Each structure stands twice: as structure tokens, then as C-alpha cells.
Amino acid sequence: MKVKSRKVDGDYILSLPRVKRKKAPYPSFIFRTLVRILSIGELKKVDFSYKQERMDLIGKKQPILILMNHSSFIDLKIASKIFYPRCYNIIGTADAMIGKEWLMRRLGVVATNKFVPDIPLVLECMKIAKKKKRSILLYPEAGYSFDGTATALPKSLAPFIKSLGIPVVTVITDGAFLYDPLYNELKKRKVKVSAKVKCLFTAEELNEKSVEEIETAVKGDFSFDNFKNQYLNGVKITEPNRADGLQRVLYKCPACGGEETQGKGENLTCLKCGKTYRLEENGQMKALIGETEFPHIPDWYNWEREEVKKEILSGNYNLETKVDYGVISGYKSFFEVGEGILTHNSDGLKLVSLDGKITASQSAKNSYSINADFYWYEGGDIVSLGNSEILYYCFPKENIPVAKIRLAGEETYKLLKKEEKK
């Protein structure tokens, strides 16, 4: 699925008016029903099923906060299956609105920019829950999972949940990531998808819990591992292209330390030393020759995280790369602007256009994670920066692993917060 776009220059971007947040729309029953109907075919294809826990404690028309993990494009269809005909607003990303704002608003989508502070959104959610008495569907991870495990959750989530004061329901899927992993460029596999739906807190229970207790409980539910479940449950993924694009996640070779890998077919190969690993049908990695350092993909990804952290602590992490960049401001179109230089270090992200007209930055201390994405609307891997009014999307022209940028952003944020506590 591609995004509507047009080419403009830097002067046009500078002339754009400030984007004003619109009131949360009422989710049309007709369009909610349409989504439910259109979801039937794909959910049947993956033999979707779900189990419920403590859901009898919640009234059918009672406003609830739905926290769902984010694995693939099938997530919204799963939510429609589980909660229809309940009326809920969906907190969605701004890029999903481009060229189809009319439709998205009728589905009840409230748009926000990923990984940037958005106080007006919090206030709007308060109105939805307390004044309009509607439910809210939120993907607290914001970004898709890269390695099949939970991504970083914001520290502001627990206070937000506490202030809403409505029952909290978690939806954790199993198999949705394996069915359509982002790194694999939307190549769907034959996999069964299921979900666990749980009333984490009733309104009364929430009132009695501290922010710390809420945070612990949410993190407990958002602790999952799709590759581990695949291996333990004996799920076989036999598609011959299952490792296509895997270098997006496993970009660093544990044998030589090089950051030039290529995933193609069933194999991942280091382009520096030549060592090759096979992605087995059970989801485990296996070296064709020699030691398999990390059979489990999330273990490999966590090792890359530790390697990035070492670079940051030693002062050696400093990324600079040439990019094509575009802008999201409003929802009529994605604006393709031109070329620029993107830098990332302990201060945060910075973009400077080659013509010198555009400069944008995003502070590291305000970014618990970074909006890095694979195969963004079939246009390429991206990193974005900006604020609640405008986002700059950068497409690296060099072989830069955007997963490393996300990891570096998260680890820098943790280190800065640790220093603040001291």
C-alpha cells in the first residue's frame, strides 16, 4: 500500500500553516460494520481465534481503554473482530490519514505523530472517555515490533492510564508478527494467528493501584516473544523467502562485527566475512559453517542493542548520512522535498537540507524511542523527526540500518534519564 505524494520545494514547506488538531470524530456504525465485514476473509485465512480473561467484569457499553500490541497490518482487523459493535476511537499515526482523512475519521481515527510529545492528544482522550463515554483503542508501542518482542513503552503511559480512570483491557496477539513481519516487505506466510484478551483493571481496581503498580502490570502483559512461541509450539514457516530483508533486524555480524549483512531467500549472509546463517523453518538461526552465536533472533537483536550502547558510552556513536526527505503536515499528501544530511548522536536527531532552507531537530532527552520503520508504504526504510505539528521523514541513501538508529535512541534516552536521577 503506497501513500499519496507530491513533489514540492523547501519554500513551500516553510509556507505551510500550522496544523490544528480536530476534535475526535464519532466512529460511524456503518463504517465500523464495513471494516468488520472486510476483515472476515483474512481472519478466516489465518484461522484467527482468541481467549478472554475477566472480560465478564466489563459492561458491553462501558468505556474502556484497549491496549494492543503492534505486530502487523492485520491488527486493526483483529480488534474489529474482538470488540465489534463496541464504539471506540482509534489513536492512529498521521501517515495513515494521508489522502484518506475522510474515511479514517469515519472509522474514528484520532491522528498523532509518533514518538513526539502530544499533550493535546492526552486532553482529547480525556474528553473521549469522560465526556463522550466512548472507548479508546491505543497501540502503546506506537511502532511495529522489529524482532517479534515488545518495543519500548513510554513512562507517561501509566500516569495516562491512571488519569483516564476507565477499565483497561489488553490484547496480545500471537502469530500476527510471524504472519506478516515488517522486515519481510509484506510477504505474508501461512500462519495461525490468535490473541489473548484480558481485563487488566476494572475502574475500581485502577483507582486503588499506584502508577508504579500499573506500569508493572502493563509491562507484564507486554512481555511476549513470537519467535520463542514459534519454536516451542513447533510452528513451521516453510516459505522460501522467509529471510528476505532480515538484514533490517540482524544488521550486525556476531562473527566479525561488520554491519553489512544481506537477507535473501532462507539465508542471512555477512557481506564482510561471508559467514552465512539459515533461518530455519522453526524460526531459529543456524550457521551453515561454524558456531551459531545466536540461534534466537531476539537474543541477536539484544546483542546489537548492547553493542550500540558500548558505542554510546565510549563516545564513538555518531551517525551522519545523506538522505532524501519528505514532510507530513496535514493529511492531503506526503510532500517529497529533496536531499539533506541526517545526523544522530547523544544530542538527538538533526536534519539539514542541502539547500540550507530546512533545519529540524529532535532532542534525545525527549525521545524515549525513535520512529524508525521498514519498507514505509513500500517506499523504503525511514527515520522521522519533528514535533506534534510537522514530521520530517528521512530515507537514507546509504546502507544505514534504521534499526540501529532506533536502538541508539532508546539507549541514549535511558542513559540520560539515569544521569538525571543521579
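## A look at the nonpolar core
So, step 1. Residues Ile13, Phe83, Leu246, Met285 and Tyr392 are the most contacted members of the largest nonpolar core, which totals 87 residues.
So, step 2. For Phe83, the contacting residues outside a window of four places in its chain are Met55, Ile64, Ile66, Tyr88, Val169, Val171 and Val197.
So, step 3. Ranked by size, the runner-up nonpolar core spans 28 residues in total, among them Leu65, Leu67, Ile166 and Phe222.

## So, helix 6 (residues 157-164)
In an α-helix, one full turn covers 3.6 residues, which means residues spaced three or four apart are oriented alike.
So, step 1. Those residues of helix 6 that sit buried are Leu157, Ala158, Phe160, Ile161 and Leu164. Down the axis of helix 6, the buried set is contained in an arc of 160°. They therefore lie on one face.
So, step 2. Of the surrounding elements, those touching the buried residues of helix 6 are strand 3 (65-68), helix 5 (119-131), strand 6 (135-138), strand 7 (168-174), helix 8 (203-208) and helix 9 (211-221).
So, step 3. At the exit of helix 6 stands Gly165, carrying a positive phi of roughly 70°.

## Description of the pattern of salt bridges
So, step 1. With the rule as written, the count across this model stands at 32 salt bridges.
So, step 2. Measuring nitrogen to oxygen at the nearest pair gives 3.7 Å for the salt bridge that ties Glu266 to Arg242. Here Glu266 is found in the loop between strand 9 (261-264) and strand 10 (267-270), whereas its partner Arg242 is found in the loop between helix 10 (226-232) and strand 9, with 24 residues between them in sequence.
So, step 3. With its nearest N and O atoms 2.9 Å apart, the salt bridge here joins Lys275 to Glu293.

## Quick word on the environment of Trp376
So, step 1. Topologically, Trp376 is positioned in the loop between strand 17 (371-373) and strand 18 (382-386).
So, step 2. A relative accessible area of 5% places Trp376 in the buried class.
So, step 3. Among residues more than four places away in sequence, those in contact with Trp376 are Val3, Asp95, Ile328, Phe334, Ile382, Tyr393 and Phe395.
So, step 4. A distance of 3.2 Å separates polar atoms of two side chains, one belonging to Trp376 and the other to Asp95.

## Overview of the sheet that holds strand 4 (residues 88-93)
So, step 1. Within the open sheet, the seven strands sit side by side as 2-8-7-3-6-4-5. Their pairing is mixed. Among the strands making up the open sheet, the edge pair consists of strand 2 (49-53) and strand 5 (109-112). Each strand of the sheet is rotated relative to its neighbour by a mean of 20°, with strand direction disregarded.
So, step 2. In this structure, strand 4 lies alongside strand 6, joined through three bridges in parallel fashion. Following the sheet pairing, Asn89 is matched in strand 6 by Ile136.
So, step 3. Sitting on the sheet, helix 5 touches strand 4, strand 5 and strand 6, and the angle it makes with strand 6 is about 140°.

## Quick word on the packing of helix 6 against helix 9
So, step 1. Direction vectors running N to C along helix 6 and helix 9 enclose 110°, while the axes themselves pass 8 Å from each other. Classified by the interaxial angle, the pair formed by helix 6 and helix 9 is roughly perpendicular. Crossing of helix 6 against helix 9: the hand is right-handed. Contacts between helix 6 and helix 9 involve Leu157, Ala158, Pro159, Ile161 and Lys162 from the former and Val211, Ile214, Glu215 and Val218 from the latter.

## A closer look at the pairing of strand 15 (residues 348-353)
So, step 1. For strand 14 (residues 334-345) and strand 15, the ladder comprises six bridges, and the chain directions are antiparallel. What sits directly across from Ile341, in strand 15, is Val352.
So, step 2. In textbook terms, the turn of a hairpin is the stretch between consecutive antiparallel strands, and for strand 14 and strand 15 this stretch comprises two residues.
So, step 3. Here strand 15 runs beside strand 16 (residues 359-363); their pairing, made up of five bridges, is antiparallel. In the strand pairing of strand 16, Lys350 is matched with Ser361.
So, step 4. Linking strand 15 to strand 16, which pair antiparallel, is a turn of five residues; within it Gly356 sits at a positive phi near 80°.

## Considering the packing of aromatic side chains
So, step 1. Evaluation of the coordinates by the stated rule reveals 18 aromatic pairs.
So, step 2. Aromatic pair Phe31 and Trp102: ring centres 5.6 Å apart, planes at 80°, arrangement edge-to-face. One end of the pair, Phe31, is in helix 2 (residues 29-45); the other, Trp102, is in helix 4 (residues 101-106), and 71 residues separate them in sequence.
So, step 3. On the accessibility criterion, Trp102 (54% relative accessible area) is exposed.

Each value, and the rule that gives it
Residues numbered from 1 in each chain as written. Predicted model: local features only at pLDDT ≥ 70, side-chain atom pairs only at ≥ 80, totals over all residues. Heavy atoms only, no water. Core = buried A, V, L, I, M, F, W, Y, C linked by side-chain atoms within 4.5 Å. Buried < 20%, exposed > 50% of the residue type's maximum accessible area, 1.4 Å probe, protein only. Contact = heavy atoms within 4.5 Å. Helix = DSSP H or I, 4+ residues; strand = E, 2+ residues; numbered from the N terminus. Arc of directions from axis to C-beta. Salt bridge = Lys/Arg side-chain N within 4 Å of Asp/Glu carboxyl O. Polar contact = N/O pair within 3.5 Å; in protein donor to acceptor, adjacent residues only side chain to side chain. Pairing = 2+ DSSP bridges. Axes fitted to C-alpha atoms, helices over the stretch in contact; angles between N-to-C directions. Parallel < 35°, antiparallel > 145°, perpendicular 65-115°, else oblique. Left-handed = near helix turned anticlockwise from the far one by under 90°. Phe/Tyr/Trp six-rings, centres within 6.5 Å; stacked < 30°, edge-to-face > 60°.

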